[in-house]
Amino acid sequence: MKNNITAKFIFYSLLLSSIYANAQKTTLEVDIAKTVTKIQPTMFGLFFEDINFAADGGLYAEMIKNRSFEFDKPLMGWEQPNTKRSSLNMQSGVATPIYVSENKTNPNFCRILINDDKGYAIINEGFRGMGVKINAKYNLSLKAANPEGTIKKIIIQFIDKDQKVLGETVIIPSSKEWKNYTVQFIATQTEAKAKLKITFEGTGIIDLDMISLFPEDTWKNRKNGLRKDIVQLLYDMKPGFLRFPGGCIVEGRTLADRYQWKKSIGKVENRKTMINRWNMEFGHKQTPDYFQSFGLGFYEYFQLSEDIDAEPLPILSCGMACQYNTGELAPIEELDPYVQDALDLIEFANGTIDTPWGKLRADMGHPKLFNLKYIGVGNEQWGPDYIERYKVFEKAIKAKYPKIIIVSGSGPSPDGEHFDYAMQELKKLDAELIDEHYYKSPQWFRENAARYDKYDRKGPKIFAGEYAAQSVSGANPNNRNNWECAFSEAAFITGLERNAEVVNLTSYAPLMAHEDAWQWTPDMIWFNNLESYGSANYYVQKLFSINKGTDLLAITQEGKQLTGQNNLYGSAVKDVNTKEVIVKLVNTAAETQDITIDFKGSKLASKGSLTTLTSPDLHDENTFSDPEKISPKTTVYKPKGEEAQLRLPAYSVTVLKLKIK
Ligand code: AHR
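All values reported here derive from a predicted model rather than from experimental measurement. (Residues numbered from 1 in each chain as written. Predicted model: local features only at pLDDT ≥ 70, side-chain atom pairs only at ≥ 80, totals over all residues. Heavy atoms only, no water.)

Peer 1: Help me out: how do you make sense of the site of the ligand in this one?
Peer 2: Within the structure, the ligand sits among F47, E49, G247, C248, W278, N379, E380, H437, Y439, E466, P510 and W520. One nitrogen or oxygen atom from the side chain of N379 is found 2.9 Å from an oxygen atom belonging to the ligand. Take Y439: an N or O atom from its side chain is 2.8 Å from an oxygen atom of the ligand. With the chains in place, 95% of the 280 Å² that the ligand exposes on its own is no longer accessible. Of the residues contributing to the shell around the ligand, the split by class is 6 nonpolar, 3 polar and 3 charged. (Near = heavy atom within 4 Å. Polar contact = N/O pair within 3.5 Å; in protein donor to acceptor, adjacent residues only side chain to side chain. Areas by Shrake-Rupley, 256 points an atom, 1.4 Å probe, with all protein chains shown as cover. Nonpolar A, V, L, I, M, F, W, Y, C, P; charged D, E, K, R; others polar.)

Peer 1: Where do I start with the confidence of the model for the protein in this structure?
Peer 2: In low-pLDDT segments, the atomic positions of the prediction should not be examined closely. In this model, the protein carries an average pLDDT of 93, and 93% of its residues clear a pLDDT of 70 or more. Contacts of residues 5-23 to residues separated by more than four positions or lying in other chains number 5 contacts, the stretch itself having pLDDT below 50. Predicted confidence for residues 89-97 stays below pLDDT 50, and this span has 19 contacts to residues more than four positions away or in other chains. (pLDDT = per-residue confidence, 0-100. Contact = heavy atoms within 4.5 Å.)

Peer 1: Can you walk me through the pattern of salt bridges in this structure?
Peer 2: If charged atoms from side chains of opposite charge come close, those side chains can pair. Overall, the coordinates contain 35 salt bridges when judged by the stated rule. When the shortest N-O distance is used, the salt bridge between R227 and D229 registers 2.8 Å. Residue class for R227 comes out buried when judged on its relative accessible area of 11%. Taking relative accessible area as the criterion, D229 reaches 25% and is therefore assigned partly exposed. Linking R451 and E436 is a salt bridge whose minimum nitrogen-to-oxygen distance equals 2.9 Å. Of this pair, R451 sits in the loop between α8 (442-447) and β25 (461-469) while E436 sits in strand β24 (residues 433-440), and the two are 15 residues apart along the sequence. (Salt bridge = Lys/Arg side-chain N within 4 Å of Asp/Glu carboxyl O. Buried < 20%, exposed > 50% of the residue type's maximum accessible area, 1.4 Å probe, protein only. Helix = DSSP H or I, 4+ residues; strand = E, 2+ residues; numbered from the N terminus.)

Peer 1: Looking at this model, I keep getting lost on the nonpolar core. Mind explaining?
Peer 2: Soluble globular proteins tend to bury their nonpolar side chains together. F48, F298, I397 and W483 are the most contacted members of the largest nonpolar core, which has 125 residues in total. Of all the elements, helix α9 (residues 483-498) adds the most residues to this core, at 9 residues. Counting the residues that make up this core, at least three belong to each of domain 1 (21-39 + 553-660) and domain 2 (46-61 + 226-548). Excluding anything up to four places from it in sequence, I397 contacts A342, L343, I346, I375, V377, P402, I404 and I406. (Core = buried A, V, L, I, M, F, W, Y, C linked by side-chain atoms within 4.5 Å. Domains from an automatic or database assignment.)

Peer 1: Hey, could you run me through the side chain of K65 in this one?
Peer 2: The residue K65 is located in the loop between β3 (46-47) and β4 (78-79) in this model. Separated by 2.6 Å, the side chains of K65 and E125 make a polar contact.

Peer 1: Just to check I follow, could you spell out the environment of S305 for this structure?
Peer 2: Inspection of the secondary structure puts S305 in helix α3 (residues 298-307). As for S305 and P239, which are separated by 66 residues in sequence, their C-alpha atoms are 9.2 Å apart. Those residues in contact with S305, other than ones at most four positions away along the chain, are L242, F244, A310, E311 and P312.

Peer 1: Can you walk me through the sheet that holds strand β38 (residues 643-648) in this structure?
Peer 2: Adjacent strands of a sheet form backbone hydrogen bonds with each other and so pair up, either parallel or antiparallel. Taken in spatial order, the 5 strands of this open sheet run β32-β31-β1-β35-β38, and their pairing is mixed. The outermost strands of the open sheet, each flanked by one partner alone, are β32 (560-561) and β38. Inspection of the sheet shows strand β35 (residues 593-600) paired to β38 by 6 bridges, in the antiparallel sense. In the strand pairing of β38, I597 is matched with A644. (Pairing = 2+ DSSP bridges.)

Peer 1: Quick question: what am I supposed to make of the pairing of β24 here?
Peer 2: The two faces of the sheet receive side chains in turn, since in a regular strand these alternate between them. The buried fraction of β24 amounts to 7 of the 8 residues, a majority that puts the element mostly inside the structure. Of the pairings in the sheet, the one linking strand β23 (residues 405-409) to β24 comprises 3 bridges and is parallel in character. Paired with S408 across the bridge in β24 is I434. Here β24 runs beside β25; their pairing, made up of 8 bridges, is parallel.

Peer 1: Explain unusual backbone geometry here, please?
Peer 2: Trans is the prevailing form of peptide bonds, just as negative phi is the prevailing case for residues other than glycine. In this chain, F244 is followed by P245 through a cis amide linkage whose omega measures 0 degrees. Looking at where P245 falls in the secondary structure, it is placed in the loop between β18 (241-244) and β19 (274-275). Cis rather than trans, the peptide bond between A509 and P510 has omega equal to -15 degrees. Here Q163, not a glycine, exhibits a phi torsion of approximately 75 degrees, which is positive. On the secondary structure map, Q163 appears in the loop between β13 (153-159) and β14 (165-171). What makes Q163 partly exposed here is its relative accessible area of 43%. Positive phi values are uncommon outside glycine, yet N221 reaches one of about 55 degrees.

Peer 1: I tried to follow the environment of K272 on my own but got confused; where do I start?
Peer 2: One can find K272 in the loop between β18 and β19. Classification of K272 as partly exposed rests on a relative accessible area of 42%. Along the backbone, K272 and Q292 are 20 residues apart, and their C-alpha atoms lie at a distance of 8.5 Å. Setting aside residues up to four positions removed in sequence, K272 forms contacts with T105, N106, K263, Q292 and F294.

Peer 1: So what exactly am I meant to see when it comes to helix α4 (residues 336-350) here?
Peer 2: Along its 15 residues, α4 runs 21 Å from first to last C-alpha, staying within 8% of the 21 Å computed at 1.5 Å per residue. Taking burial as the measure, the 15 residues of α4 include 11 buried ones, the bulk of the element. (Expected span 1.5 Å × (residues − 1).)

Peer 1: Explanation requested: the environment of K267 in the structure shown.
Peer 2: Structurally, K267 can be placed in the loop between β18 and β19. Sequence-wise, K267 and M364 are 97 residues apart; in three dimensions their C-alpha atoms are separated by 8.3 Å.

Peer 1: What exactly am I supposed to notice about the UniProt feature "domain: Alpha-L-arabinofuranosidase C-terminal" (unreviewed entry) in the protein here?
Peer 2: The feature "domain: Alpha-L-arabinofuranosidase C-terminal" (unreviewed entry), as annotated in UniProt, sits at residues 465-652 in this numbering. Helix makes up 14% of residues 465-652 and strand 40%, with an end-to-end C-alpha separation of 25 Å. (UniProt positions renumbered as here; feature names shortened; annotations may be inferred.)

Written out as structure tokens, the structure reads:
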């Protein structure tokens, strides 16, 4: 009994003292006149990987899955609801749906023998359906050959699950030879899970290939381009760079299925379709219908980077397949083609039009240079095999292009044996920019806000290239984009920003996921076939990115940086272009905190803005039905002279922006 009373007394004393501590005012100091270091324009960027249907079925606005019948099951994605009346290539009683065309890289096409034109149809299911919008225009193109001239019409229709027609058009297959046809039609209803139905008038043989369908309304109205809503979300972040095409997709499970940029350029129909390495990677989320058409290839990545004003940052295979899979190695004496790929890529991006690769870029429509400044060698490789290969790449790239900055990798984890080895060796080699990856708990992110405070200022610069707080554990399908993860990342990011002298690039990963076809969670942006939204993590990234400023300032409490004392994290910058001082504060406590900021070194204008991102529950998330549940709210803020008094809500990220006089 006595013990119980003592325990209660201790508990309530502790509670009171913690409430008292939080009620105490915290005074912070920011010296506007003292620049600690310059913030790199690349500080906050994007990591893009074709995972979670991010390219085909996502950013790349193609609506037909398996448009040229090249999947390993050539009719995957295509239904034939009524095969009795007609059939696919019933010749000599053998059903072999696929013939070989003159297209060497994508040789398959579909031959249909129509015995009875009443009711026979082929239907494409899209990427878990097709999103169509009322009154929107859709461009359909296909190749057809009508060898006997007996097929009079090809009828194209959007249908819903009840077979209701939601828009239609007709193609007259006028040639016995292969011919391209293009038609436009309008959807009469909005539907997230439409399908494309193709029927025929006449009987006999018809050959079809490259059946492709895009909305007219794409990003920058580019023909057969990218999804406007998704690119808009990226553009709004004002990203400093775009890393592509991954991630592990760069490496491949084997060397043969590594990402080869040369196969992703040129005419779209000649880009060889191949399996996506994420299709069967996880038992918990298998997607056997996940392939890469490469319609979104390296040319398009460069173009996207230019469109969103981000530095392009391609990562290439270094001759090592994914070490979580086969770990297949290209022998050092056979590394030349891999190194040549890197050199040729630099020429493709930066070569004048009188160089072979520069000419190809110009022929594709971009005579101007893409101004590539960075190239990555390998993704998440580790061990001596990587260092050995990195040296070969570094020597060759620097010999020909001394100004290109090479990104090296430190493996899949921000600590441990592989990481320590990579850092030690890369430092010895004077590596310029090292990519670190962190998929850790929210607590880890909060506890590591000071990670870079003691990093060697003269050593390699850091690219915080892949990070995301995992609410359950790494690569776990139950991970959520919840508020605790998002504000814990914000706490960590204040540490990245405070160390802008070392940390020059940062990006959340992965970037996006299809609601019905993802393999990996959490992801910054979620989309379905009609809509997309930014997670709470997206808004954290965006707040930092659009407020990155130009010069780092110190923000201190009693002379110390804010690295989580009393659950408070912070960083401050100045923007010399807009003449603003910007303070970011993260309160990870369950209580509000009262803060006073004393600004020194400059006078402040009487009005500024205060933006707050907050939510009461650690488990809160944005969703399709409430996409802005956790999103920034901005109000006018009036400082008292050179002093700002703020009440930081529990679990909040706050950005205070004041004009400097
Ligand atoms: O972002 C998902 C994966 O995580 C990336 O492909 C890989 O680099 C990391 O392991």
